[in-house]
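# Structural description and commentary
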Amino acid sequence: MGLNAAPSSPPVVLVVDDSPETLGMLTDALGLEGMKVVVAESGRAALSLAREIGPDVILMDAKMPGIDGFEACRILKTEMGMADIPVIFMTGFGDSEHVVNALASGGVDFVVKPVPIVELLARMRVHLANARRARSAREALDSTGRRIVVTDEKGTILWATPQASELLLKCGISVEEGSRLPWELADWLLSQKPGRAEPHILARNGKHVECRIVGEAGAAERLIRLVDRDAGTDEERLAAAFDLSLRVAEVLLWITHGKSNKEIAEILDLSPRTVNKHLEQIYIKLGVENRTAAATMSVRVLWDG
């Protein structure tokens, strides 16, 4: 796929339009910018080519015979696993209805025909950079084994790490891009206030999964971390893994969260001297010499669960 290509590789642009004049103009203009251009004259052809070439960005004509641009974009995003690929719509209509349809179908932007090349190139660069960052973040989360689900503010699933999908499947919930979270999770998500989110316990099929909002990507996306509560709390899991008391495990947990000894003492209502003693025990039990190494071992245990 184009997004996996080396940074020096030219971006692959799929241009979809039923107008030969528009295709020719864009092919010439984008080619001069060093981009690799592939063209499709219909929505159906675009779907076939997108699967074959994995473009970095798609320029999509809104209105075409047969499968129009809006429907083609919906299929790409919800059925073909191409949620990361930015789709920029081109339309001859400037009214709000077409703008709404473009964004509702999964498009990230739109330009009005006749296409202003300089403006289009500027928008493409921004969306290409955003897509690469999003994909890098997603691949990093996948590789660490964290259970993360990303949704919009209404609970529509945008993507999930394999580990999150596996845990939810044990709860009888199938996770697919474009599907909705169970109603109680969607309702919880809508009720949360920025910066003051409370966890929710999902109980299904004998499983208990703690759901926590751990971040936001702009105003529209929510990052939800899933914790298998049947495996115990974080403190209990650390205590069991390293043969620690629960109190010492609490200190290790806060070290993992990047807190200083002074901050940990205040959080746990301990003296700084007691925290230092607990830290010495942690180093001995884990066989490490510093906080960074201890936190690294702790993270491995927590992310495994």
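Just so we're clear, the structure is a prediction, and the values are computed from it rather than from any experiment.

It is worth spelling out the overall build of the protein chain at this point. Looking only at helices and strands, one finds twelve helices and ten strands in the protein chain. For the protein chain, restricting intrachain contacts to residue pairs at least 6 apart in sequence, the fraction spanning at least 24 positions comes to 54%.

For the coordinates displayed, the defined rule picks out one aromatic pair. Seen in terms of ring centroids, F70 and F89 are 5.3 Å apart; in terms of plane orientation they differ by 40°. Their pairing is tilted. Of this pair, F70 sits in helix 3 (residues 69-78) while F89 sits in strand 4 (residues 87-91); the two residues are 19 residues apart in sequence, bridging distant segments of the chain. Comparing F70 with F89 shows no difference in burial state: the two are buried.

Right, let's get into the sheet that holds strand 5 (residues 109-112). Read from one edge to the other, the open sheet built from five strands follows the order 2-1-3-4-5, with strand pairing classed as parallel. Pairing within the sheet leaves two strands with one partner each, and these edge strands are strand 2 (36-40) and strand 5. Here the strands of the sheet are splayed against their neighbours by 20° on average, with no regard to which way each runs. As paired strands, strand 1 (residues 12-16) and strand 3 (residues 57-61) are joined by four bridges and run parallel to one another. Note that in strand 3 the partner of V15 across the bridge is L59. Helix 2 (residues 43-53) contacts strand 1 and strand 2 of the sheet and is inclined by roughly 170° relative to strand 1. Strands strand 3 and strand 4 of the sheet are contacted by helix 3, whose axis makes an angle of about 150° with strand 3.

With that settled, consider the layout of surface pockets. If you add up the space inside the second largest pocket, you get close to 250 Å³. If you go around the second largest pocket, the residues you meet are E210, R212, R225, V227, R229, T233, D234, E235, L253, W254 and H257. Elements with a contribution of two residues or more to the lining of the second largest pocket: strand 9 (207-217), strand 10 (221-228), helix 8 (234-242) and helix 9 (246-256).

Interpretation of this model should avoid reading the predicted coordinates in detail wherever pLDDT is low. Put simply, the protein chain has an average pLDDT of 84, and 89% of its residues get 70 or more. Ignoring residues within four places in sequence, the model shows residues 1-7, a span with pLDDT below 50, making 13 contacts including any to other chains.

On inspection of all chains with the given rule, the structure shows 13 salt bridges. We note a salt bridge from E33 to R125, for which the minimum N-O separation is 3.3 Å. On the criterion of sequence distance, the pair formed by E33 in the loop between helix 1 (20-32) and strand 2 and R125 in helix 5 (residues 117-144) is long-range, its members being 92 residues apart. The class for E33 is partly exposed, based on a relative accessible area of 40%. Note that D230 is salt-bridged to K207, the shortest N-O span being 3.6 Å. Of this pair, D230 sits in the loop between strand 10 and helix 8 while K207 sits in strand 9, and the two are 23 residues apart along the sequence. A residue is classified by how much of its surface remains accessible, and D230, at 41% relative accessible area, is partly exposed. Taken together, the shared-partner salt bridges in this structure form one network comprising D17, D61 and K113.

With that settled, the discussion passes to the nonpolar core. Formed by 24 residues in total, the largest nonpolar core has its most connected members in L14, V16, L47, I58, M60, L76 and F89. Looking at this core, the elements with two or more residues in it are strand 1, strand 2, helix 2, strand 3, helix 3 and strand 4. V248, L253, A265 and L270 belong to the second largest nonpolar core, which has 23 residues in total.

Let us look at the environment of T292. Mapped onto the fold, T292 is located in helix 12 (residues 291-304). The spatial distance from the C-alpha of T292 to the C-alpha of G258 is 9.2 Å, given a sequence separation of 34 residues.

Here T91 lies in strand 4. Residue T91 is classed as buried on the basis of its relative accessible area, which comes to 5%.

Below, the discussion takes up the pairing of strand 6 (residues 148-152). In terms of residue burial, strand 6 counts as a mostly covered element, since five of its five residues are buried. Here strand 6 shows no split at all, with I148, V150 and D152 on one side and V149 and T151 on the other all buried. In the sheet, strand 6 pairs with strand 10 via five bridges, with the strands oriented antiparallel. Bridge pairing links D152 to E221 in strand 10. Sheet analysis places strand 6 next to strand 7 (residues 157-160), joined by three bridges and oriented antiparallel. Bridge pairing links V149 to A160 in strand 7. The antiparallel pairing of strand 6 with strand 7 creates a hairpin that spans four residues between the two strands, and G155 there sits at a positive phi of about 95°.

The rules behind the values
- Residues numbered from 1 in each chain as written.
- Predicted model: local features only at pLDDT ≥ 70, side-chain atom pairs only at ≥ 80, totals over all residues.
- Heavy atoms only, no water.
- Helix = DSSP H or I, 4+ residues; strand = E, 2+ residues; numbered from the N terminus.
- Contact = heavy atoms within 4.5 Å.
- Phe/Tyr/Trp six-rings, centres within 6.5 Å; stacked < 30°, edge-to-face > 60°.
- Buried < 20%, exposed > 50% of the residue type's maximum accessible area, 1.4 Å probe, protein only.
- Pairing = 2+ DSSP bridges.
- Axes fitted to C-alpha atoms, helices over the stretch in contact; angles between N-to-C directions.
- 1 Å grid on protein atoms, 1.4 Å probe; cavity = no way out; pocket = protein on both sides within 12 Å on 5 of 7 lines; lining within 4 Å.
- Points joined across faces, edges and corners; volume = space filled by probe spheres on them.
- pLDDT = per-residue confidence, 0-100.
- Salt bridge = Lys/Arg side-chain N within 4 Å of Asp/Glu carboxyl O.
- Core = buried A, V, L, I, M, F, W, Y, C linked by side-chain atoms within 4.5 Å.

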